[in-house]
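# Close look at the chain arrangement
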Amino acid sequence: MGRLGRLLDRPRPGLSSLRTTFAVLFAVVTAAVTVLVGILSYNSAARLVRVDEQSVFTQVVQDVQDEVRRYDRTPADFSSSRPGHEVVRPSRTDVQVLGDNGQIVDHGSPQLPVTARDRATAASPKAGRTVEYQDVVVADDVYRIATVALGDGRGAVQVAQEFSDTEDLLRELQQRTLVLMGVVVIAAGLCGWWLARRITRRLRILTAAAEDVARTRQLGVQVPVTGYDEVGRLGRAFDRMLGRLAQSEEDQRRLVQDAGHELRTPLTSLRTNISLLRRIDELPSATREELVADLTQEARELTDLVNELVDLAAGQSDTEPPQRVDLADIAEDVAGLARRRTGRDIVVRASGDTTTDGRPAMLQRAVSNLVENAAKFDRDGRQPIEIAVTGPARRGTVRVEVLDRGPGIAAGDLIRVFDRFYRAADARSLPGSGLGLSIVREVAMAHGGAPFAFRREGGGAVIGFTVGADSYRGERGHHDGSGTTAGTRGGI
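Residues numbered from 1 in each chain as written. Predicted model: local features only at pLDDT ≥ 70, side-chain atom pairs only at ≥ 80, totals over all residues. Heavy atoms only, no water.

The number of helices and strands found in the chain is 10 helices and 14 strands. Once local pairs closer than 6 in sequence are excluded, the contacts in the chain between residues at least 24 apart make up 62%. Counting only carbon and sulfur atoms, one obtains 54% of the accessible surface of the chain, whose full area is about 28300 Å². (Helix = DSSP H or I, 4+ residues; strand = E, 2+ residues; numbered from the N terminus. Contact = heavy atoms within 4.5 Å. Areas by Shrake-Rupley, 256 points an atom, 1.4 Å probe, with all protein chains shown as cover.)

Below, the structure written as structure tokens:
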């Protein structure tokens with residue numbers, strides 16, 4: 001069953017070609033429409049021609065009847081050698097004159113047959129009496145014939161109209177219609193093939209790109225698709241999808257490399273201290289206490305590093321549904337928790353409309369990281385840590401800032417504080433992994449904003465982020481006390 005399923009699922013180039021299918025369908029639809037129009041057109045034309053010929057013949061017969069009824073006419077009056085009777089001799093009409101006994105006085109061209117009924121009509125005393133015949137074969141041609149009595153037994157006039165010419169004309173029209181239909185169908189097939197090739201060319205490019213990605217697993221493939229129709233939009237969406245997948249793969253690879261690099265240091269220290277545990281009985285009491293304290297601190301730092309790595313990785317693929325949140329309320333919750341943890345005085349200032357669409361847990365994590373960072377660097381500070389939430393800052397953005405009075409941030413470190421595992425030279429002796437502010441950046445960018453950092457006038461630092469659809473445009477730099485630009489949003 002598995003083999004049969006694979007065989008059935010295997011693509012069939014001759015049957016699965018969209019270009020061939022489109023061309024065949026285009027030709028079939030065109031052929032159906034052409035055949036229908038051709039049949040209707042031919043039937044209409046044939047009916048009009050036949051009706052016109054019938055009306056001409058009927059009118060000729062009626063003219064003869066009117067003339068013999070109004071005037072006393074003799075066979076000589078309708079002779080072909082006598083002028084004045086062109087009305088009964090229109091184009092493609094044959095006239096033959098009969099005498100009183102039904103004999104042919106002036107034969108037609110070709111000569112028309114004379115039956116007993118024609119002779120009786122020629123001897124009829126009533127002028128205008130008529131007898132008609134349909135589909136009479138004369139000299140291999142088909143005619144309709146009408147015999148009109150002159151009255152008083154003086155003879156009759158036979159009027160004949162040829163059918164064969166009309167049918168030959170219609171037959172030729174039919175053949176030309178069939179030829180034209182065939183030409184139209186062939187042209188439609190060729191046009192359909194060309195149009196399908198033109199339409200599916202970009203689809204084939206997309207297919208080739210997708211197959212190339214599946215075969216090589218290389219996401220950095222450019223999709224050269226142009227146009228603004230559905231195919232063009234599909235191509236650009238596919239190109240953006242590949243770009244985001246490539247970026248995601250690169251972020252994952254870089255995260256693993258950075259994490260591996262950062263994990264080596266505490267793991268090496270742990271192995272060294274664990275090796276000392278084999279001789280712990282030989283060590284002095286103070287050394288044993290110091291060794292246990294080092295192991296505890298290293299285990300705590302390793303746990304914090306792993307937790308932050310998990311948070312960072314989860315933040316890149318967070319499935320928490322966005323909802324309407326108030327960043328001022330989130331700041332109050334974070335401030336209350338930080339007061340209990342650190343014992344520091346933390347003040348929240350809010351102004352304007354601070355509500356936005358976002359993921360509450362991610363935003364709370366970002367604000368918490370900012371407060372923890374401020375508390376860590378302003379450990380002995382006596383002034384309160386401030387959380388300022390302002391909105392809307394510009395075009396609906398909400399701004400969150402955490403202000404401290406710590407040692408501040410060196411100018412050279414401002415543009416790197418949000419990099420993963422980056423730690424300034426004066427902060428390497430402090431606990432931490434260097435991932436807290438990186439998580440802030442990830443959260444801000446996930447919410448259409450960006451992080452920022454600059455030195456605070458009077459000492460300390462201001463670190464925060466914005467949330468909003470217009471935040472990608474970048475934040476103008478803020479100036480420190482010396483008048484130099486201390487930080488920008490766009491470059492972090």
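This part takes up a positive patch on the surface. A cluster of basic side chains, namely R69, R117, K126 and R129, defines a positive patch on the protein surface. Position of R69 among the secondary structure elements: in helix 3 (residues 18-70). (Patch = residues over 30% accessible without salt bridge, like charges linked within 9 Å, V, L, I, M, F, W, Y side chains within 5 Å. Salt bridge = Lys/Arg side-chain N within 4 Å of Asp/Glu carboxyl O. Lys, Arg positive; Asp, Glu negative; His and termini not counted. Charge placed at Lys NZ, Arg CZ, Asp CG, Glu CD.)

With that out of the way, let us pick up the side chain of T354. Take T354: it is sitting in the loop between strand 7 (346-352) and strand 8 (355-358). When neighbours within four sequence positions are excluded, T354 is seen to be in contact with V325, D326, L327, A328, V389, G391 and V398.

The description of two aromatic rings rests on the distance between their centres and on the angle between their planes. Taken as a whole and judged by the stated rule, the model has 1 aromatic pair. Ring centres of F452 and F454 lie 6.3 Å apart, and the angle between their planes is 20°; this geometry places the pair in the stacked category. Of note, R399 hangs over the ring of F452, and the distance from its end group to the ring centre comes to 3.9 Å. (Phe/Tyr/Trp six-rings, centres within 6.5 Å; stacked < 30°, edge-to-face > 60°. Lys NZ or Arg CZ within 6 Å of the ring centre and 35° of its normal.)

To continue, consider unusual backbone geometry. In this model, S109 is joined to P110 through a cis peptide bond whose omega is 5°. Secondary-structure assignment places P110 in the loop between strand 2 (104-106) and helix 4 (116-122). With an omega of -15°, the peptide bond running from G391 to P392 counts as cis. Among the structural elements, P392 can be located in the loop between strand 9 (385-391) and strand 10 (398-404). With phi around 55°, D152 is a residue other than glycine that occupies positive phi space. Relative to the helices and strands, D152 is located in the loop between strand 4 (141-149) and strand 5 (156-162).

Mapped onto the present numbering, the UniProt feature "transmembrane region" (unreviewed entry) falls at residues 21-42 and 178-196. As annotated, residues 21-42 has a helix share of 100% and a strand share of 0%, and its two end C-alpha atoms lie 31 Å apart. Along residues 178-196, the helical share is 100% and the strand share 0%, with 26 Å between the first and last C-alpha atoms. (UniProt positions renumbered as here; feature names shortened; annotations may be inferred.)

Here we come to the pattern of salt bridges. In the structure shown here, the tally under the stated rule is 8 salt bridges. R456 is the partner of E386 in a salt bridge, and the nearest nitrogen-oxygen pair spans 3.3 Å. Remark: R456 occurs in the loop between strand 11 (451-455) and strand 12 (461-467) and E386 occurs in strand 9; sequence separation between them is 70 residues. The class of R456 is buried, set by a relative accessible area of 15%. Residues R441 and E442 are paired through a salt bridge, measuring 3.9 Å at the closest nitrogen-oxygen approach. Taking relative accessible area as the criterion, R441 reaches 12% and is therefore assigned buried. A cluster of three or more residues bridged by salt bridges with shared partners is formed by D72, D152 and R154. (Buried < 20%, exposed > 50% of the residue type's maximum accessible area, 1.4 Å probe, protein only.)

Their axes nearest at 9 Å, the elements helix 8 (residues 327-342) and helix 9 (residues 360-377) cross at an angle of 45°. Classified by the angle their axes make, helix 8 and helix 9 are oblique. The crossing of helix 8 and helix 9 is right-handed. For the pair formed by helix 8 and helix 9, the contact residues are L327, I330, A331, D333, V334, A338, R341 and T342 on the first element and P360, L363, Q364, V367, S368, V371, E372 and A375 on the second. Broken down by class, the residue content of the contact of helix 8 with helix 9 amounts to 10 nonpolar, 3 polar and 3 charged. (Axes fitted to C-alpha atoms, helices over the stretch in contact; angles between N-to-C directions. Parallel < 35°, antiparallel > 145°, perpendicular 65-115°, else oblique. Left-handed = near helix turned anticlockwise from the far one by under 90°. Nonpolar A, V, L, I, M, F, W, Y, C, P; charged D, E, K, R; others polar.)

Taken across its 7 residues, strand 12 has 7 buried, putting it largely inside the fold. Here strand 12 shows no split at all, with A461, I463, F465 and V467 on one side and V462, G464 and T466 on the other all buried. As judged from the 7 bridges shared by strand 10 and strand 12, these two strands associate in the antiparallel manner. Bridge pairing in strand 12 links E401 to G464. When strand 11 meets strand 12, the two strands line up antiparallel, connected through 5 bridges. Looking at strand 12, one finds that F452 is bridged to G464. The turn joining strand 11 and strand 12, which pair antiparallel and follow one another in sequence, is formed by 5 residues; a positive phi near 90° is taken by G458. (Pairing = 2+ DSSP bridges.)

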